[in-house]
Amino acid sequence: MRAFKLTIIFVIIGVLSFGAICGGKKEPTLTPPKPVEEPEEEVEIETPPAEEIAKFEVEEEPEPLEFPNIHFDFNKYNLKPEARAVLREMADSLRSRPDTMLRIEGHCDERGTEQYNLALGEKRALEAKKFLVSAGIDSDRIDIISYGEERPIDPGHNEEAWAKNRRDEFIFIE
Amino acid sequence: MNISQPKTFFPLVIPLLLLALFTVEDSPAQSDFYGVIRDSGGAVPQLNIAVAKFDITGDFYSGDEPEKAAELKEKIEKGLAFSLYFNVVTADSSLMALIGEREMNYEDWIYLGAEHLVGGSFYSDGILFHYNLEITDILRGKTIYTTEFKAPIDSVNQLSYKAVDRIINILTGEKGISFSRIVFSVASGNIKELAICNWDGSDLIYLTDNKSLNLFPTADRTGEEVYFTSYFRGNPDLYKLNLISTELAPISARKGIDSSPAISPNGEYIALILTVDDNAELYLLTNRGRIVRRLTRTWGIESSPSFSPNGREIVFSSDKSGSVHLYVTDIEGLNQRRLTFHGNYNDTPSWSPKGDLITYASRESGRFQIYTMSITGENVRRLTSVGNNQDPCFSPDGLHICFVSDRNGNKEVYTMNFDGSNQKRVTSVENAYNPYWTPGIAEER
């Protein structure tokens, strides 16, 4: 049975390669390669002088964007005035740098259940994204993720730590 | 084990019932037996049972056969006591003094109040342990059941699980949960891996090693498929891990979270929290991940579903009222009703497989405590008081609850009886989360 299967496979391979050979023979005569695109390729491949590359890098290398975390009230996901101020500034920066992508991470303090907080973190990240989109930033540039209460920045069990942990973090990708 | 502590549950009708058990005409149906236990008031109807010292027959291979036989006896006693169907009677010091060097006899067991005696013989053939189980009705002085169990050498645990489940089945008609296991998350730094252990904490193994967050494990009724949320490809998506084939399959990897799954009793459906429509809502999916329907439409957060044993209803949490409370919906998304009215944060419900109770965690003065209530939301009872106690989940027989507690510093998995008695730590992993009590795959064979 197995030998039979193998034979079939070899036959198929044989037929296919025969076809390929035939096709290979015919093709040049039917469709000769068009030389039209060659100049374009040459232009792309052409490399500028070394000093120009160096100049380009020095001049255009953008400072990586950095914005502080925004914070939320206990069990809330609405944006506070301070958060809106940060996001307005962020929208300006993103507008002037259309190639920069943003990832917003939503986080919670430890006091709820992990299940509920995973959803709450998502809402916190989404709220910031909505703000940026309404400020004219293309929603495709913004990715959100919730870490719920899984990634505290302060491991303490007090109001100070909790206030720090209820946050959105912003990661910019050039 | 002291089970007579709380006011309700479990009458002492058992001696009568037992007599009936062995007169063929009156043999009660399994559900009747259970109904008697759970529905009427009083203490647990425990049968008084004793485990005799096992005879050792055959040749000695490793030489530690007497120790293994003693270990088996001890584990059978532990399993019988844990099951809640039995009060395990042991010889007290005054009786031992009276007996002296001679072997215990029926009169001694009767004196101790035992109604049934588990005895038998134990031997090793160098490859397998053999245990000949013998159950004797002491009052009638008659052996009512014998059988032989085998298990790989050194697997006294397995031998004891087999024996305990058989004894439960022979004397009560119920199905034991000796092979049931607890699957949970273990945190270490920023990562959480899944682990699984027996109900008593033994044989702990890790199921994942992907150095990411693996959360909210749950399992189907066969105990074979574990569903969980994992970040190992970046986004919190739903995966299924087959514990026999070890095959891992993505089930739902939608935009946003794919969180806190529950599997319907027939294994056909998954209840899942999704944010595909931007807001966290409860959805019903097929077991392959296709959305059947969205069950909630609120501005709030829905979370933590658990199916009723007939699969028709789902209990879940929602903060649509302004605080987090428990609700029930049917799987059509209709007939939704609110169940909890106390406190302001009730989450992580687990519906008893027997159908009569729902257990959940409620936050009060910054800490979670575990509660049970009837499925109508009445008879609210608090079961824990020390430390933070979270993520309760019923055992497959509905008689126990596992949960996480930090009462001794670290977060560990604990078990207790459904009435809150007999609270015991079962793990020592330091950072346990989200335990789910799954039926055993290796059921008695």
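Because the structure is a prediction, the values reported are computed rather than measured.

Across its full length, chain B holds six helices and 30 strands. Taken over 445 residues, chain B has a buried fraction of 46%. Long-range contacts, defined here as pairs at least 24 residues apart, represent 46% of the contacts in chain B between residues at least 6 apart.

The next thing to look at is the confidence of the model for chain A. When pLDDT is averaged along chain A, the result is 79; 64% of the residues meet or exceed 70. For residues 6-43 of chain A, every residue scores under 50 in pLDDT, and the model assigns this stretch zero contacts once sequence neighbours within four places are set aside.

It is worth spelling out the interface of chain B and chain A at this point. Chain B puts 26 residues into the contact, and the matching count from chain A is 14 residues. Its residues placed into classes, the side of chain B that touches chain A shows 11 nonpolar, 13 polar and two charged.

Here chain B averages 88 in pLDDT, and 89% of its residues register 70 or above. Within the model, pLDDT remains below 50 along residues 1-43 of chain B, and this stretch shows 59 contacts once partners closer than five positions in the same chain are excluded.

Before going further, it helps to examine the pairing of strand 28 (residues 410-417) of chain B. Consecutive side chains of a regular strand alternate in pointing toward one face of the sheet and then the other. Residue and element names in this part refer to chain B. Here strand 28 lies mainly inside the structure; seven of its eight residues are buried. Hairpin geometry of strand 27 (residues 400-408) and strand 28 is characterised by an intervening segment of one residue between the two adjacent antiparallel strands and by a positive phi of about 105 degrees at Gly 409. Of the pairings in the sheet, the one linking strand 28 to strand 29 (residues 424-425) comprises two bridges and is antiparallel in character. Bridging from a neighbouring strand, Thr 415 pairs with Lys 424 of strand 29. Hairpin connection between strand 28 and strand 29: a loop of six residues separates the two successive antiparallel strands, and Gly 420 in this loop has a positive phi of roughly 95 degrees.

Residue and element names in this part refer to chain B. At Leu 84, a residue that is not glycine, the phi angle is positive and equals roughly 80 degrees. When you line up the elements, Leu 84 lands in the loop between helix 3 (65-83) and strand 3 (86-89). With 24 C-beta atoms packed within 10 Å, Leu 84 lands in the buried category.

Let us look at the packing of helix 4 (residues 81-96) of chain A against helix 5 (residues 114-134) of chain A. All names here are of chain A. Following both chains from N to C, one finds helix 4 and helix 5 inclined at 50 degrees, their axes separated by 9 Å at the closest point. The angle between helix 4 and helix 5 falls in the class oblique. The chirality of how helix 4 crosses helix 5 is right-handed. Here Arg 84, Leu 87, Met 90, Ala 91 and Leu 94 of helix 4 lie close against helix 5, whose contacting residues are Ala 128, Phe 131 and Leu 132.

Now for helix 4 of chain A. Residue and element names in this part refer to chain A. If you check helix 4, its first and last C-alpha atoms are 23 Å apart, about what 16 residues at 1.5 Å a residue would give, namely 22 Å. By the burial criterion, the buried members of helix 4 are Ala 83, Val 86, Leu 87, Met 90 and Leu 94. The buried residues of helix 4 all sit within an arc of 95 degrees when viewed along its axis, so they share a single face. Away from the buried face of helix 4 by more than 90 degrees, exposed residues Pro 81, Ala 85, Arg 88, Glu 89 and Ser 96 are located.

All right, on to the pairing of strand 16 (residues 281-286) of chain B then. All names here are of chain B. Within strand 16, five of the six residues are buried, which leaves it mostly tucked inside the rest of the structure. Bridge analysis of strand 15 (residues 269-274) against strand 16 gives six bridges, and the strand direction is antiparallel. Opposite Leu 272, over in strand 16, you have Tyr 283 as the bridge partner. In sequence, strand 15 turns back onto strand 16 through a hairpin of six residues, with Asp 278 there showing a positive phi of about 75 degrees. Alignment of strand 16 against strand 17 (residues 291-294), held across three bridges, turns out to be antiparallel. Following the sheet pairing, Leu 284 is matched in strand 17 by Arg 293. The hairpin turn running from strand 16 into strand 17, its antiparallel successor, is four residues long, and Gly 289 in that turn takes a positive phi close to 105 degrees.

A word on the packing of helix 3 of chain B against helix 6 (residues 156-172) of chain B. Residues and elements named next belong to chain B. For the pair helix 3 and helix 6, the least separation of the axes is 9 Å and the interaxial angle reads 45 degrees. By the angle between their axes, helix 3 is oblique relative to helix 6. The crossing of helix 3 and helix 6 is right-handed. Residues Lys 68, Glu 71, Leu 72, Lys 75, Ile 76, Gly 79, Leu 80 and Ser 83 of helix 3 form the contact with helix 6, whose participating residues are Val 156, Asn 157, Leu 159, Ser 160, Tyr 161, Ala 163, Val 164, Ile 167 and Ile 168. Its residues assigned to classes, the contact of helix 3 with helix 6 comprises 10 nonpolar, four polar and three charged.

Our next topic: the nonpolar core. B:Ile182 and B:Phe184 are the most contacted members of the largest nonpolar core, which has 113 residues in total. At eight residues, the largest contribution of residues to this core is made by helix 6 of chain B. Those residues in contact with B:Phe184, other than ones at most four positions away along the chain, are B:Ala195, B:Pro217, B:Val413, B:Ala432, B:Tyr433, B:Asn434, B:Pro435 and B:Tyr436. By size, the runner-up hydrophobic cluster in this structure holds 16 residues, among which are A:Val86, A:Ala125, A:Leu132 and A:Ile142.

The next point concerns the domain arrangement of chain B. Along its sequence, chain B is organised into domain 1 (46-172) and domain 2 (181-438). When each unit is reduced to the centre of its C-alpha atoms, the spacing between domain 1 of chain B and domain 2 of chain B is 37 Å.

A word on the sheet that holds strand 4 (residues 167-173) of chain A. Residues and elements named next belong to chain A. Read from one edge of the open sheet, four strands run 1-4-2-3, paired in mixed fashion. Two strands close off the open sheet at either side, each with one partner strand: strand 1 (70-71) and strand 3 (142-148). As paired strands, strand 2 (residues 101-107) and strand 3 are joined by six bridges and run parallel to one another. Paired with Gly 106 across the bridge in strand 3 is Ser 146. On top of the sheet, helix 5 reaches strand 1, strand 2, strand 3 and strand 4; it is set at about 155 degrees to strand 3, its chief contact.

Calculation criteria
- Residues numbered from 1 in each chain as written.
- Chains lettered and ligands numbered in written order.
- Predicted model: local features only at pLDDT ≥ 70, side-chain atom pairs only at ≥ 80, totals over all residues.
- Helix = DSSP H or I, 4+ residues; strand = E, 2+ residues; numbered from the N terminus.
- Buried ≥ 20, exposed ≤ 12 C-beta atoms within 10 Å, placed from the backbone.
- Contact = placed C-beta atoms within 7 Å.
- pLDDT = per-residue confidence, 0-100.
- Nonpolar A, V, L, I, M, F, W, Y, C, P; charged D, E, K, R; others polar.
- Pairing = 2+ DSSP bridges.
- Axes fitted to C-alpha atoms, helices over the stretch in contact; angles between N-to-C directions.
- Parallel < 35°, antiparallel > 145°, perpendicular 65-115°, else oblique.
- Left-handed = near helix turned anticlockwise from the far one by under 90°.
- Expected span 1.5 Å × (residues − 1).
- Arc of directions from axis to C-beta.
- Core = buried A, V, L, I, M, F, W, Y, C linked by C-beta atoms within 7 Å.
- Domains from an automatic or database assignment.

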